[in-house]
Amino acid sequence: NAGVMQNPRHLVRRRGQEARLRCSPMKGHSHVYWYRQLPEEGLKFMVYLQKENIIDESGMPKERFSAEFPKEGPSILRIQQVVRGDSAAYFCASSPPSRVYEQYFGPGTRLTVT
Amino acid sequence: AQSVTQLDSQVPVFEEAPVELRCNYSSSVSVYLFWYVQYPNQGLQLLLKYLSGSTLVKGINGFEAEFNKSQTSFHLRKPSVHISDTAEYFCAVSLTGNQFYFGTGTSLTVIP
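Below is a short write-up of the structure.

Helix and strand counts for chain B come out as zero helices and 12 strands. For chain B, the N- to C-terminal ordering of α and β elements is β-β-β-β-β-β-β-β-β-β-β-β. What you see for chain B is a C-alpha radius of gyration of 13 Å, in line with the 13 Å of a compact globule of 112 residues. With respect to the three principal axes, the spread of C-alpha positions in chain B is 40 × 30 × 20 Å. Out of the 112 residues in chain B, the part that is buried amounts to 45%. Within chain B, contacts between residues at least 6 apart in sequence are counted, and of these 54% link residues at least 24 apart. For chain B, the accessible area works out to roughly 5300 Å², and carbon and sulfur atoms hold 51% of it. Charge-centre separation for chain B: the mean point of 6 positive side chains lies 10 Å from the mean point of 8 negative side chains.

As structure tokens, then:
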């Protein structure tokens with residue numbers, strides 16, 4: 001059973017460009033979570049999604065950030081018009097529907113904005 | 001709101017010595033508690049979790065943690081560390097199991 005997969009592992013974008021981060025949950029997991037880790041800090045919750053639904057987006061910045069988890073395909077975290085402050089590691093986690101407290105993390109995508 | 005405090009940002013310890021990484025949380029209701037380990041340039045790996053029941057929880061790689069409700073603590077311990085334990089350790093709390101709140105991490109360095 002493959003773990004949570006994220007791609008790309010490293011992403012470099014210039015200021016003003018768009019960044020798309022992908023997350024494929026573990027097989028059988030229908031819940032996806034996105035976290036952001038700034039340098040020297042812990043992970044900060046961004047958004048919690050189930051298939052085709054955003055359950056909790058209380059940690060998402062109000063502008064430029066969006067997330068989706070379509071019926072088919074990976075979950076996508078999209079950052080429009082990136083700025084230097086968006087440089088961070090973005091982690092995705094997934095959990096099975098019956099044990100939402102068991103979050104399994106992917107290896108992360110390290111976004112660098114130049 | 002929940003919050004997690006990891007009191008030590010860096011902990012150096014000699015190989016085969018015991019170690020304790022401290023974690024305190026604030027919450028007015030019952031919570032789930034977790035410890036994760038992060039190796040360089042990798043994602044987080046679950047070490048152990050407390051959901052209910054016995055306050056002493058055993059995890060992988062010889063780690064254990066004890067939930068102390070009166071002190072709102074969930075300290076992580078290992079009786080004898082190895083070089084391979086060098087990593088960043090994160091304590092996390094969750095009220096519902098959905099949203100996790102993480103501490104700022106403790107960098108454990110095992111000295112040969």
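So, about the side chain of A:Gln103. With respect to the helices and strands, A:Gln103 occurs in the loop between strand S9 (88-95) and strand S10 (104-105). Accessibility expressed as a relative area gives 2% for A:Gln103, which makes it buried.

Glancing now at the packing of aromatic side chains. Any pair of aromatic rings gets described here by the distance separating the centres and the angle formed by the planes. All names here are of chain B. Counted under the stated rule, the structure contains 15 aromatic pairs over all chains. Relative to Phe102, the ring of Phe90 lies with its centre 6.5 Å away and its plane at 80°, an arrangement referred to as edge-to-face. Residue Phe90 is located in strand S10 (residues 87-94), and its partner Phe102 is located in strand S11 (residues 100-102); the two are separated by 12 residues in the primary sequence. Of the two residues, Phe90 and Phe102, both sit in the buried class.

Positionally, A:Arg110 belongs in strand S11 (residues 109-113). Salt bridges are absent for the buried A:Arg110, whose nearest opposite-charge side chain, B:Glu88, sits at 11 Å. Ignoring anything within four residues of it in the chain, the contact list for A:Arg110 reads A:Arg9, A:His10, A:Leu11, A:Ala88, A:Ala89, A:Phe91, B:Gln38, B:Asn41 and B:Gln42.

Scanning the model with the defined rule gives two disulfides over all chains in all. The side chain of A:Cys23 participates in a disulfide bridge whose partner is A:Cys92; the two sulfur atoms lie 1.7 Å from each other. Here A:Cys23 and A:Cys92 share a disulfide; its torsion about the S-S bond, -50°, makes the bridge left-handed. With A:Cys23 in strand S3 (residues 19-24) and A:Cys92 in strand S9, this pair connects stretches of sequence that are 69 residues apart. We note that A:Cys23, like A:Cys92, is buried. The disulfide partner of B:Cys23 is B:Cys91, and the gap between their sulfur atoms is 1.9 Å. Between B:Cys23 and B:Cys91, the S-S torsion sits near -65°, and that sign places the bridge as left-handed. With B:Cys23 in the loop between strand S3 (19-21) and strand S4 (24-26) and B:Cys91 in strand S10, the pair connects residues that are 68 residues apart, well separated along the chain. Of the two residues examined, B:Cys23 and B:Cys91, each falls in the buried class.

Okay, the sheet that holds strand S8 (residues 75-79) of chain A next. All names here are of chain A. Here we have four strands laid out as an open sheet, ordered S1-S3-S8-S7, and antiparallel in their pairing. The strands lining the two open edges of the sheet, one partner per strand, are strand S1 (5-7) and strand S7 (65-68). Mean inter-strand twist for the sheet, computed between neighbouring axes without regard to direction, equals 15°. Two strands pair when backbone bridges link them, and S7 and S8 are joined in this way by four bridges, in the antiparallel orientation. Directly across from Ser66, in S8, lies its bridge partner Arg78.

About the criteria used
Residues numbered from 1 in each chain as written. Chains lettered and ligands numbered in written order. Predicted model: local features only at pLDDT ≥ 70, side-chain atom pairs only at ≥ 80, totals over all residues. Heavy atoms only, no water. Helix = DSSP H or I, 4+ residues; strand = E, 2+ residues; numbered from the N terminus. Rg over C-alpha atoms; globule rule 2.2 N^0.38 Å. Buried < 20%, exposed > 50% of the residue type's maximum accessible area, 1.4 Å probe, protein only. Contact = heavy atoms within 4.5 Å. Areas by Shrake-Rupley, 256 points an atom, 1.4 Å probe, with all protein chains shown as cover. Lys, Arg positive; Asp, Glu negative; His and termini not counted. Charge placed at Lys NZ, Arg CZ, Asp CG, Glu CD. Phe/Tyr/Trp six-rings, centres within 6.5 Å; stacked < 30°, edge-to-face > 60°. Salt bridge = Lys/Arg side-chain N within 4 Å of Asp/Glu carboxyl O. Disulfide = S-S within 2.5 Å. Pairing = 2+ DSSP bridges. Axes fitted to C-alpha atoms, helices over the stretch in contact; angles between N-to-C directions.

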